[in-house]
Amino acid sequence: VATEVFTDPDIETPLLLRLAAEVWPALVLLVVAVVVGQAYGAVAFRRATGHAGEPVPVALAGAARDLLGRPVPRLGTALAGTLADAAVLVLSWALLRVLWEPIGADLAAGRFMSPDTLLLLVGFVAIWLILLLAAGAVHAAVSTWWALEQAT
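Residues numbered from 1 in each chain as written. Predicted model: local features only at pLDDT ≥ 70, side-chain atom pairs only at ≥ 80, totals over all residues. Heavy atoms only, no water.

### Considerations on the nonpolar core
Formally: As used in this record, nonpolar core signifies buried Ala, Val, Leu, Ile, Met, Phe, Trp, Tyr and Cys residues forming a set joined through side-chain atoms within 4.5 Å. Summary of the burial criterion: residues with accessible area below 20% of their type's maximum are buried, those above 50% are exposed, and those between are partly exposed, where the area comes from a 1.4 Å probe applied to protein chains only. Strands are runs of DSSP state E lasting at least two residues, helices are runs of H or I lasting at least four, and both sets are numbered from the N terminus onward.
Core analysis: the biggest nonpolar cluster contains seven residues, these being Val35, Ala39, Ala42, Leu67, Ala78, Val142 and Trp146. Elements with a contribution of two residues or more to this core: helix 3 (24-49) and helix 6 (115-151). Sort the elements by how many residues they give to this core and helix 3 lands first, with three residues. Among the nonpolar cores identified, the runner-up in size contains five residues, and Leu96, Ile103, Phe124 and Leu131 belong to it.

Written out as structure tokens, the structure reads:
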């Protein structure tokens, strides 16, 4: 599929969209596998490291039984966590891309040492660090949600 998409003379449609249009069933399967894998891994991890401290083979088997016994809350939590992580990733990427435009223009023009460019770079790094902290907070919230879900 990649060779057909790469050699396609259509240059108006972005390459990634053309590629995704060709392999969408595999992308859907990948998302399903990620969500199921996160649900299974979270339950197994909790069983292996929780108060009971089950051995890993027992925790893995118990996680499979638990996931089959209560699939909706476990898969729902995994899907919500995946969507939250994806939203943070997309929003961070979009914001940093927009903020990089004036910096990239200044760097391309050879104005690396100008005070404006240095100030923009410092601001960019500060916003990048804030976004990293926000992503960590979202991840901690999802982890807490998992702990609450599995405590019931």
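### Looking at the pattern of salt bridges
Definition in use: Take a side-chain nitrogen of Lys or Arg and a carboxyl oxygen of Asp or Glu: if they are within 4 Å of each other, that pair is a salt bridge.
With the rule as written, the count across this model stands at five salt bridges. In this structure, Glu149 engages Arg70 in a salt bridge whose closest nitrogen and oxygen atoms are separated by 3.5 Å. Taken together, the residues Glu149 in helix 6 and Arg70 in the loop between helix 4 (56-69) and helix 5 (71-108) connect sequence positions 79 residues apart. On the accessibility criterion, Arg70 (32% relative accessible area) is partly exposed. Residue Arg111 is joined to Asp106 by a salt bridge in which the shortest nitrogen-to-oxygen separation is 2.6 Å. We classify Arg111 as partly exposed; its relative accessible area is 41%. Residue Asp106 is classed as buried on the basis of its relative accessible area, which comes to 12%. Among the charged side chains, a network of salt bridges with common partners joins Asp66, Arg70, Arg74 and Glu149.

### Considering a nonpolar patch on the surface
Short version of the rule: What goes into a patch is any residue over 30% in relative accessible area without a salt bridge, connected to like charges within 9 Å or, for nonpolar side chains (Val, Leu, Ile, Met, Phe, Trp, Tyr), within 5 Å. Method for areas: the Shrake-Rupley scheme with a 1.4 Å probe, in which residue coverage is limited to the protein chains shown.
On the surface, Trp100, Leu107, Phe112, Met113 and Leu118 cluster together to form a nonpolar patch covering roughly 470 Å² of accessible area. Among the structural elements, Met113 can be located in the loop between helix 5 and helix 6. You can call Met113 exposed: its relative accessible area is 61%.

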